[in-house]
Amino acid sequence: MSGKQAPAKTTTPKSTVNQSPTPQAASAQRRPGPPPQSNSPAGRSNVTSTTSATKGPNKLNSPAKNQVAASPLPVVKSATLREVSENAQYLPPNIHSIFISSATQQALQLSVDEDVTQENNTKMIDKEVLLKDIESLGQGSNFYEFKEQIQNYPENEIAIVYDYDYYYSQNFLICFDPLLKNFIANPPVTLPIQEADDTEQYVPPEPKTWISLGSEVEIENERLITNRPLKRFKIKVPSRSAKAVAPSEKFKDVDPDIDRKKNIICIEQYEDKQFDLKKMELDSSVQAAAEHRENSSQTIWRYPKNQWTQYEARTFTDEEQTKTMKDEQLIDMIMHSQDLFKEALQQNVIHNPFYLDWNELGGDLEGLGGPGDSHLREYQSFSSIKQSRDMIVTCIQWHPTIRGIIAVSLAAGQSFDERADNMSRTITSPSLIFMWSFVDPIQPKLYLEAPDDIQCFQFSPTDPHVIAGGCVNGQVVMWDIKEYEDRIRNPRGDHRDKDLFIPGYEDESFFQTPHIRFCAVSSIENGHSEPITDLQWIPDHFQITTQGLPTENLSMTCSQIMTCSFDSQVLLWETRPPRGGAKPLSKKEREIINPMGVPLTFKHLDLTWKPFLRLNLQSPEAGQVDFAPRKFSIRETQGDREALSKEDQNTFEKKKEPSGGQFVNPVDEANKSISQAKAKILQKIDTFFYVGTENTNKIRIKDRLYYFKRSSPGRRFDINRRFRDGQLVYQDWMPQKESDSTKFSTPKAAWSSGVVDGPVVALKRSPFFKDVLLIAGGWIFQIWREKVHSGSLLHTAPLKEKITDVEWSPTRPGVFFVSKQNGGIDVWDLIDRTHAPSISQSISNTALTYLSIKTISSKQQLLAAGDSNGTVHILEIPQSLRQPINQELQVVTNYLQRETERRDFVKHRWNLREEEKREKERLSAMKMGIAPSHIPTQDEIDIRMKNEYNDFIQFEFSVLQEMGLRDENEAPVIVPAN
Amino acid sequence: MSSTVVSTQQAEIEETMKRIQTHKGVHGFVVMSNDGSFVRSTIDNSTTMSLTGLIRTLSDKAKSCVRDLDPQNDLTFLRIRTKKQEILVAPDKDYLTIVLQANEQH
């Protein structure tokens, strides 16, 4: 509000003088048209306040002048005589100053301050009255001197004007001019009319030079200059809500005395003593608030422009180069710098500058840690109270994709006889594979039902919901758990999640672990006739044809299974339906066929499934029992694409669908059949594989000795092996044409040798070296290199306990785990020592039966160990056994290389010995030839005895060597024959 | 007389260059003038271009550094040891020689 007033103040600083705020009035007065009489004394005396505005702009703002203008009389109140006389001469000719005595005043009714006043100063007197006064008083009359003029005055009335201030020397003025009289009588009325007349004849005033009279200073002083921005206030009256404005309550008058007790609280007046106190001191404060300011600035935007510069590097032309090359300075420089370079380069040769100490330092630090850091720590254990009793763990497999899921197969720990006895009895509980989740160690997620005890099984690497298992009765079993994948994946122990159901309406079946029936079993006649001991899916990058040729796998999924059994057979199975396979069934048919709700994924295989390739492992020597395979190992591994050409690898990776898998329930999708069109034969894939056997040949020690005596030293070692229980067989799976017929049959083993003193329990390839095998059986284990058949790279002295399984570490090339009959695990570290385990730890009080390792994350690696009590122990691998130490791969590679070279050397020595022996025989034959009937002399007897002794020494040495008590590089001490 | 001396010396230079190049691990030899253009190089053109441009400024900088520290001193040789290779630089008044020695493991 004040803001609105403020401009008015500033814009009209001079309005106080004008006193005419309306613009109309102002504009009317703006035409000054100074009246001619404005400067005349008569005009001045009679001018009223309204005329004051016409006095010119120069004097307008002076308050003193203002007052003069307001007053009808001159400003000089007490004029001196001289001044009076001066003033009198300004009187117009027909006006005279006159003194009228108080008596005359009374007579003429002109009494000062009664009839005439300062304001009302004019009075009209009759001529007759004045003449009468002159007659009666004669010379004494005040009007005597004007007798003639009065008489001559044409009109009847004469104007008398009261001079209040004696301005013109006397107290009255008398007018003898009728025109002036008229003017005096009606001064205010006539003026505006005159003025209007004047404006019509308005002549613009001539410009005059302005003379400073000090007014500009006054104006300057009066001027209001804004030296700060105007303040703005925004006052907001809080709006009342409609409710507050019009409350619903209605008020009425009540008498407080009557209704006092009816909920009326009346606060009565009283005198507050507090207010008697006089406030003597006042605390007050003022807060200066910062002015609110809004600023903005504009910056110049320089728009981006693409600019470039092209330049050309300076080069010498050929001529210049040759010229410069001749420059002596250049020659000097090069000759001089040559030594410097030489020095630097030689230094670098002596000391490798690219060796970073910091990098090497880190690796060693990893190995450090407390004593607890290097031991296997029990992470979890799974054991079913009901089903695990008296069962042994036969196989453990980690789920390939879902974390924290582990499948365990259990079998009755019965001997062959017990089993045979129980054959006829009804089996009350089916053989099961347990699917455990780390979330719930009490109840398994799934049970997989099998027709008989499962010895081995494996998830399909490309279709993790498909599981193939090998039975004790020789059948291959297939499961499809696709429908239950969600249940496995569900991290919660859902069977205890009672919140899912309304109390009283629990679905009991939901909480129970489902039993899943197998999808298919192989036909009994065409399968194995002995328990299946090993089973493996063929890796997805190749497939094997019925001719045994490895070809490209165009479907890029694992579909073939390889199994082995005691019945000296290795079988290859195809899981895909044959070309133009089973036609899809209608829903009704399906229900009839499928009363158990089993997925129809492998319906086409059920009970009619035959292996497409059969390998019979014959004994190399006629008359001996055929090999009884326990374990096998092929060179190719899942995920290893080396066998494919580079081009194929790319297409392979491209084609690879993440959701892949051809094993679909035919309900969902039409069957995919084998597409072998254009499948190239992969030359790089090695069709040879190793088989670990159980030798049923029992040869007496005596026979062994016999063989030894008959054979050459080189062969002896071999023979020594042949009588071992666990043999290692190198076998080609490609059938070959028999020489005498067109039939194809499995070729004889390329090589075989008894290597361990018990049935082979494990045959595993190193994850780092494709050609390095770890074989275990009986009480020993050995490391072999593929195609180096003269002996093992590493063999141990027999352990005190039987070995049950071995497992390589997936991250450390030199580390493997050995499980033993007494429930202990030995950790071998080839870098640490090769004659004894680095760590030996007891895990279970019963025999361990199976080991399976899985890398969960870069920080965690778990080893699952099954024991013969049906329990699976999950052990966490300590960091020292998980993290490869600095250059471990290199060190282990070197070690294995060294050992391979040693084998070559040993072979070389064998040949030498053979030669020696032949030479000796030749010599003895010569001796015999020279004196055949000669009675042996003492020397001859000595030689023979020495030879025999040497033979014995060599035999003893070879035995000791086999037991690991002698190094092979040592040569037996041979007594010279002569 | 002097021309024969020069020609013999030139042959000697070629010999020297060859000797340095056959040294173990050496895979580049560049002779350049101080205005940035190279006289002789055994590696490909673009690499030489970038190498000469960058190394020259570095060696100038190193030279000025050495001289600032002690005005009577001068830079004679510069070895830049990197993860993959070692760059040996021999600066002179008008010319500059660079030898690259690579880590054989890379």
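Rules and cut-offs
Residues numbered from 1 in each chain as written. Chains lettered and ligands numbered in written order. Predicted model: local features only at pLDDT ≥ 70, side-chain atom pairs only at ≥ 80, totals over all residues. Heavy atoms only, no water. Helix = DSSP H or I, 4+ residues; strand = E, 2+ residues; numbered from the N terminus. Buried < 20%, exposed > 50% of the residue type's maximum accessible area, 1.4 Å probe, protein only. Contact = heavy atoms within 4.5 Å. Areas by Shrake-Rupley, 256 points an atom, 1.4 Å probe, with all protein chains shown as cover. Pairing = 2+ DSSP bridges. Axes fitted to C-alpha atoms, helices over the stretch in contact; angles between N-to-C directions. Buried area = accessible area lost by both parts, 1.4 Å probe. Polar contact = N/O pair within 3.5 Å; in protein donor to acceptor, adjacent residues only side chain to side chain. Phe/Tyr/Trp six-rings, centres within 6.5 Å; stacked < 30°, edge-to-face > 60°. Lys NZ or Arg CZ within 6 Å of the ring centre and 35° of its normal. Core = buried A, V, L, I, M, F, W, Y, C linked by side-chain atoms within 4.5 Å. pLDDT = per-residue confidence, 0-100. Expected span 1.5 Å × (residues − 1). Salt bridge = Lys/Arg side-chain N within 4 Å of Asp/Glu carboxyl O.

Undergrad: Account for the overall build of chain A, with residues named and values stated.
TA: Looking only at helices and strands, chain A features 26 helices and 37 strands. For chain A, the residues scored as buried account for 40% of the 978 residues in total. Within chain A, contacts between residues at least 6 apart in sequence are counted, and of these 66% link residues at least 24 apart. Element-wise, carbon and sulfur atoms account for 52% of the exposed surface of chain A, whose accessible area totals about 60,200 Å².

Undergrad: Describe the overall build of chain B, and please don't skip the residues or the numbers.
TA: From N to C terminus, chain B includes two helices and five strands. Put simply, chain B runs from its N terminus to its C terminus through helices and strands in the order α-β-β-α-β-β-β. Sequence-distant contacts in chain B: of pairs separated by 6 or more residues, those separated by 24 or more amount to 36%. Element-wise, carbon and sulfur atoms account for 53% of the exposed surface of chain B, whose accessible area totals about 5,900 Å².

Undergrad: Explain the sheet that holds strand β1 (residues 26–33) of chain B residue by residue, including any values.
TA: Hydrogen bonding along the main chain pairs the strands of a sheet, whether they run parallel or antiparallel. Within the open sheet, the five strands sit side by side as β2-β1-β5-β4-β3 (chain B). Their pairing is antiparallel. If you trace the sheet from one side to the other, it starts and ends with β2 (38–41) and β3 (78–81) of chain B, each paired once. Each strand axis lies, on average, 15° off the axis of its neighbour in the sheet, ignoring direction. Pairing of β3 of chain B with strand β4 (residues 85–91) of chain B involves four bridges; the strand directions are antiparallel. Looking across to β4 of chain B, one finds that Leu-78 of chain B is bridged to Val-89 of chain B. Each of β2 and β5 (95–102) of chain B touches helix α14 (residues 318–325) of chain A; the most contacted strand, β2 of chain B, lies at about 85° to it. Strands in contact with helix α15 (residues 328–350) of chain A are β1, β3, β4 and β5 of chain B; relative to β5 of chain B, the strand with the most contacts, it is inclined by about 25°.

Undergrad: Got a sec to walk through the interface of chain B and chain A? Specific residues and values, please.
TA: With 45 residues of chain B at the interface, the matching set in chain A holds 30 residues. Around 3,400 Å² of area is buried between chain B and chain A when both sides are counted, 68% of it from carbon and sulfur atoms. In terms of surface lost to chain A, no three residues of chain B exceed Ile-13, Val-39 and Tyr-95 of chain B, which account for 17% of the buried area on that side. The interface formed by chain B and chain A holds nine residue pairs in polar contact (both at pLDDT 80 or more) in total. Broken down by secondary-structure element, the contributors of at least two residues to the side of chain B that touches chain A are α1 (2–21), β1, β2, β3, β4 and β5 of chain B. Top element by residues in the side of chain B that touches chain A is α1 of chain B. It accounts for ten residues.

Undergrad: Can you lay out the pairing of strand β35 (residues 848–857) of chain A for me, pointing to particular residues and giving the numbers?
TA: Residue and element names in this part refer to chain A. Summarising the sheet, β35 and strand β36 (residues 860–867) pair through eight bridges and their orientation is antiparallel. Considered in β36, the bridge of Tyr-850 is made with Gly-866. Hairpin geometry of β35 and β36 is characterised by an intervening segment of two residues between the two adjacent antiparallel strands.

Undergrad: Break down the pairing of strand β8 (residues 431–437) of chain A for me, citing the residues and quoting the values.
TA: All names here are of chain A. Counting buried positions along β8 yields seven of seven residues, so the element is predominantly enclosed. As paired elements, β8 and strand β9 (residues 446–450) share five bridges and run antiparallel to each other. For Phe-434, the partnering residue across the bridge sits in β9 and is Tyr-447.

Undergrad: Could you give an account of the packing of aromatic side chains, naming the residues involved and the relevant values?
TA: All names here are of chain A. Considering all chains together, one arrives at 20 aromatic pairs over all chains under this definition. Through successive ring pairs, a cluster of aromatic residues spans Tyr-379, Phe-382, Trp-398, Phe-434, Trp-436, Phe-438 and Tyr-447. Over the ring of Phe-518 we find Arg-517; its NZ or CZ atom is 4.7 Å from the centre of that ring. Lys-802 extends its terminal NZ or CZ atom over the ring of Trp-779, reaching a point 5.4 Å from the ring centre.

Undergrad: Kindly report on the nonpolar core, identifying the contributing residues and their values.
TA: Across soluble globular proteins, you tend to see nonpolar side chains buried next to one another. Residues and elements named next belong to chain A. Core analysis: the biggest nonpolar cluster contains 40 residues, and Ile-406, Met-435, Trp-479 and Ile-874 have the highest contact counts within it. Among residues more than four places away in sequence, those in contact with Ile-874 are Arg-377, Glu-378, Tyr-379, Gln-380, Ser-381, Phe-382, Trp-398, Ile-406, Phe-438, Leu-862, Leu-863 and Ala-864. Counting 23 residues, the second-largest nonpolar core is a separate cluster that includes Cys-564, Val-570, Ile-685 and Ala-749.

Undergrad: How would you summarise the confidence of the model for chain B if you had to cite specific residues and measurements?
TA: Here chain B shows a mean pLDDT of 84. Residues at 70 or above account for 92%. Model confidence for the complex is summarised by a pTM of 0.53, with the ipTM given as 0.73.

Undergrad: Which residues make up the environment of Arg-79 of chain B, and what are the values?
TA: Tracing the chain through its elements places Arg-79 of chain B in strand β3. Overall, Arg-79 of chain B belongs to the partly exposed group, its relative accessible area being 28%. If sequence neighbours within four positions are ignored, Arg-79 of chain B has contacts with Ala-344, Gln-347 and Asn-348 of chain A together with Glu-86, Ile-87 and Leu-88 of chain B. A polar contact of 2.6 Å, which involves the side chain of Arg-79 of chain B, links it to the side chain of Gln-347 of chain A.

Undergrad: Tell me about helix α2 (residues 45–69) of chain B, and please be specific about residues and values.
TA: Residue and element names in this part refer to chain B. With 25 residues, α2 extends 36 Å from end C-alpha to end C-alpha; this agrees with the ideal 36 Å at 1.5 Å per step. Here α2 has its buried residues at Thr-48, Leu-51, Thr-52, Ile-55, Ser-59, Ala-62, Lys-63 and Val-66. On its buried face, α2 is in contact with β1, β2, β3, β4 and β5.

Undergrad: Residue-level account of the pattern of salt bridges, with values.
TA: Residue and element names in this part refer to chain A. On inspection of all chains with the given rule, the structure shows 21 salt bridges over all chains. Here Arg-812 makes a salt bridge to Asp-829, at a shortest N to O gap of 2.9 Å. Of this pair, Arg-812 sits in the loop between β31 (803–808) and β32 (815–820) while Asp-829 sits in strand β33 (residues 824–829), and the two are 17 residues apart along the sequence. Residue classification places Arg-812 among the buried positions, given a relative accessible area of 3%. Taking the relative accessible area as the measure of exposure, Asp-829 reaches 9% and is therefore buried.

Undergrad: Kindly report on the side chain of Arg-882 of chain A, identifying the contributing residues and their values.
TA: Residues and elements named next belong to chain A. Tracing the backbone through its elements, the reader meets Arg-882 in helix α24 (residues 879–882). A polar contact is formed between the side chain of Arg-882 and the backbone oxygen of Lys-859, at a distance of 3.4 Å. Aside from chain neighbours lying at most four places away, what touches Arg-882 is Thr-811, Arg-812, Ser-858, Lys-859, Gln-860, Gln-861 and Ile-877.

Undergrad: Report on the confidence of the model for chain A, specifying residues and quantitative values.
TA: All names here are of chain A. Residues at a pLDDT of 70 or more form 70% of chain A, whose mean pLDDT is 74. Across chain A, the secondary-structure element scoring lowest on mean pLDDT is helix α1 (residues 2–11), at 40, and the one scoring highest is β32, at 92. When the criterion is pLDDT under 50, residues 1–79 qualifies, and its contacts beyond four places in sequence or with other chains add up to 50 contacts. Between residues 712–721, whose pLDDT stays under 50, and residues either more than four places distant or in other chains, the model counts 33 contacts.

Undergrad: A description of the sheet that holds strand β29 (residues 780–785) of chain A should follow, citing residues and the corresponding values.
TA: Residues and elements named next belong to chain A. Across the sheet, four strands lie side by side as β27-β28-β29-β30; this open sheet has antiparallel pairing. On the outer flanks of this sheet lie β27 (760–765) and β30 (794–795), each paired with one strand and no other. Sheet analysis places β27 next to strand β28 (residues 772–777), joined by five bridges and oriented antiparallel. Bridging from a neighbouring strand, Lys-764 pairs with Leu-774 of β28.

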